[in-house]
Amino acid sequence: MMKRDTLFLLAPGFLGDNRWEYCPECAEVWGLLSYFPSLKESLQICYQAISRPRMDLVSLLGDANQNCPTLVLHASSPEYSGCGIQAINEVRFIDNARDIGLYYAQRFGLPSPRGSYFVNQ
């Protein structure tokens, strides 16, 4: 069985501030997945509710790290510099859309998000 990273996204369309909303950063990651559909094969996607606590994230990363999108890297996934990888209790994660895009650019040789830079290793 393939070892996958886990991508936490807010479900598309939720009630927030008394109106239907969506998360722009989650939509950016969905755009990346639609541009490069083969990325989905490397992922387990877990939708989170807008309300907190988001227990799936809390159980892995603690109360302070409930942002979506968050990519939690599998223990065997490579690590690259310059793409915002953080670690808590040996769980590595990236908690924003642009850094997730930079990670995929380095890992899979995809184009980088415009205006974002990384140092090749």
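Our structure's up above, just so we're on the same page.
Residues numbered from 1 in each chain as written. Predicted model: local features only at pLDDT ≥ 70, side-chain atom pairs only at ≥ 80, totals over all residues. Heavy atoms only, no water.

Engineer: How do you make sense of the overall build of the chain when you look at a structure like this?
Structural biologist: Along the chain, the regular secondary structure elements total three helices and seven strands. Going from N to C terminus, the chain has its helices and strands arranged as β-β-β-α-β-α-β-β-β-α. Each principal axis of the C-alpha distribution contributes one length, and for the chain these read about 45 × 30 × 30 Å. Here the chain, with 121 residues, has 42% of them falling under the buried criterion. Pairs at least 24 apart in sequence give 55% of the contacts found in the chain among residues at least 6 apart. Surface accessibility of the chain: about 7,200 Å² in total, with carbon and sulfur atoms responsible for 52%. Separation of charge centres in the chain, based on 10 positive and 12 negative side chains, amounts to 5 Å. (Helix = DSSP H or I, 4+ residues; strand = E, 2+ residues; numbered from the N terminus. Buried < 20%, exposed > 50% of the residue type's maximum accessible area, 1.4 Å probe, protein only. Contact = heavy atoms within 4.5 Å. Areas by Shrake-Rupley, 256 points an atom, 1.4 Å probe, with all protein chains shown as cover. Lys, Arg positive; Asp, Glu negative; His and termini not counted. Charge placed at Lys NZ, Arg CZ, Asp CG, Glu CD.)

Engineer: Looking at this structure, I do not really get the nonpolar core. What am I missing?
Structural biologist: Residues L7, V29, L71, I100, Y103 and Y104 are the most contacted members of the largest nonpolar core, which totals 30 residues. For this core, the element with the most residues is helix α3 (residues 97-108), which contributes five residues. Once residues within four sequence positions are removed from consideration, L7 is found in contact with V29, L33, L43, Q44, I45, C46, T70, L71 and I100. (Core = buried A, V, L, I, M, F, W, Y, C linked by side-chain atoms within 4.5 Å.)

Engineer: Can you help me understand the state of the cysteines in this one?
Structural biologist: Note on terminology: disulfide describes a covalent bond linking the sulfur atoms of two cysteines. In total, this model carries zero disulfides according to the counting rule given. Here C46 is not cross-linked by a disulfide; its sulfur's nearest cysteine counterpart is in C68, at 9.8 Å. Since its relative accessible area comes to 17%, C46 is described here as buried. Unpaired in this structure, C68 has its nearest cysteine sulfur neighbour in C26, at a distance of 5.3 Å. Classification of C68 as buried rests on a relative accessible area of 5%. (Disulfide = S-S within 2.5 Å.)

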